[in-house]
Amino acid sequence: MAPRHLVAPLLLAALAAAPLAQAATDVSLVVPKQLIVDPSLPKGTARANVLAARRYDTFWNNGDEALAKQALSPQFVDRTPPPGRVQGPDGPLQASKAFRQAVPDLTCEVEQMLVVGDRVVSHLHFAGHFTGNFNGIQGKGQAIDFIATDIYRVTGGKIVENWHLEDNLTLLKQLGAIKD
């Protein structure tokens, strides 16, 4: 057996090399810096769960709505929506579009991804520059740099539920909405 510190990189390489249905754009998806997969999970389930999460996380990285639509079930439910966000797949699509108007160069890196059962936990790192408008505040090019953690429940290769927590205090300070 490979040493413990090599298991995640080896598993990521194996998952990336494995044939995946509808994964022609797989190489263009974000790659987690660290991937930890429950070894008791069937390989097909693990691949499908990782693919759904990578598609959705890549949507947050580049704003490609087609990736969100591939990743999210039509019955998708956001379990922690901010006030005013619509439910279903349209909620994240609208949120991304609005935030990208404020931070057009927004990027999202996956610091780590944990895959256990029907859950995928993605620890995300967002960065960019606030040059647009957000809730009446005009950006001045200031750097935006904050983290978020998402917990996805995946069924049949689609994300059906999401719980998320963003470091909104840091974000709001960077946007200038809250003074130190």
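In this text the structure is predicted, and so the values were computed from the model without any measurement. Sequence positions are assigned chain by chain, starting from 1 and proceeding in written order. Selection of residues for local features in this predicted model requires a pLDDT of at least 70, selection of side-chain atom pairs for listing and counting requires 80 or more, and totals for whole chains, interfaces and linings are taken over all residues. The side-chain numbers reported here are obtained from all heavy atoms of the structure, hydrogens and water having been left aside.

(A) Region of the structure containing the environment of Phe 146. Positionally, Phe 146 belongs in strand 7 (residues 142–155). Three labels apply to residues, based on accessible area from a 1.4 Å probe with only protein chains included: buried if under 20% of the type maximum, exposed if over 50%, partly exposed otherwise in between. On the basis of relative accessible area, Phe 146 is assigned to the buried category, the value being 6%. Separated by 22 residues in the primary sequence, Phe 146 and Leu 124 have C-alpha atoms spaced 8.5 Å apart. A helix here means a DSSP run of H or I that spans at least four residues, while a strand means a run of E at least two residues long, and both kinds are numbered starting from the N terminus.

(B) Structural detail: the packing of helix 2 (residues 43–62) against helix 4 (residues 90–102). Every axis corresponds to a line fitted to the C-alpha atoms, with the helix fit spanning only the stretch in contact, and the corresponding angles, defined between N-to-C directions, vary from 0 to 180 degrees. It is the contact of helix 2 with helix 4, at a shortest axis distance of 9 Å, that shows an interaxial angle of 25°. Considering their axes alone, helix 2 and helix 4 lie roughly parallel with respect to each other. On helix 4, the residues touching Tyr 56, Phe 59, Trp 60, Asn 61 and Asn 62 of helix 2 are Pro 92, Leu 93, Ala 95, Ser 96 and Arg 100. Tallied by class, the residues present in the contact of helix 2 with helix 4 amount to six nonpolar, three polar and one charged. The cut-offs work like this: below 35 degrees is roughly parallel, past 145 is roughly antiparallel, 65 to 115 is roughly perpendicular, and the gaps in between are oblique. We call two residues in contact whenever any of their non-hydrogen atoms come within 4.5 Å of each other. All amino acids are sorted into three groups, where Ala, Val, Leu, Ile, Met, Phe, Trp, Tyr, Cys and Pro are nonpolar, Asp, Glu, Lys and Arg are charged, and the leftover types, Gly among them, are polar.

(C) Main features of the confidence of the model for the protein. pLDDT expresses, on a scale from 0 to 100, how confident the predictor is about each individual residue. Across the protein, the average pLDDT comes to 88, with 85% of residues at 70 or higher. Predicted confidence is poor over residues 1–25, with pLDDT under 50, and the contacts of this stretch with residues over four places away or in other chains come to 23 contacts.

(D) Seen up close, the pairing of strand 8 (residues 158–166). The sheet contact formed by strand 2 (residues 72–78) and strand 8 spans three bridges and is parallel. From the neighbouring strand, Asp 78 faces strand 8, where its bridge partner is Asn 162. Pairing between strands is defined by DSSP: at least two bridges between the two strands are required. Bridge analysis of strand 7 against strand 8 gives eight bridges, and the strand direction is antiparallel. Opposite Thr 155, over in strand 8, you have Lys 158 as the bridge partner.

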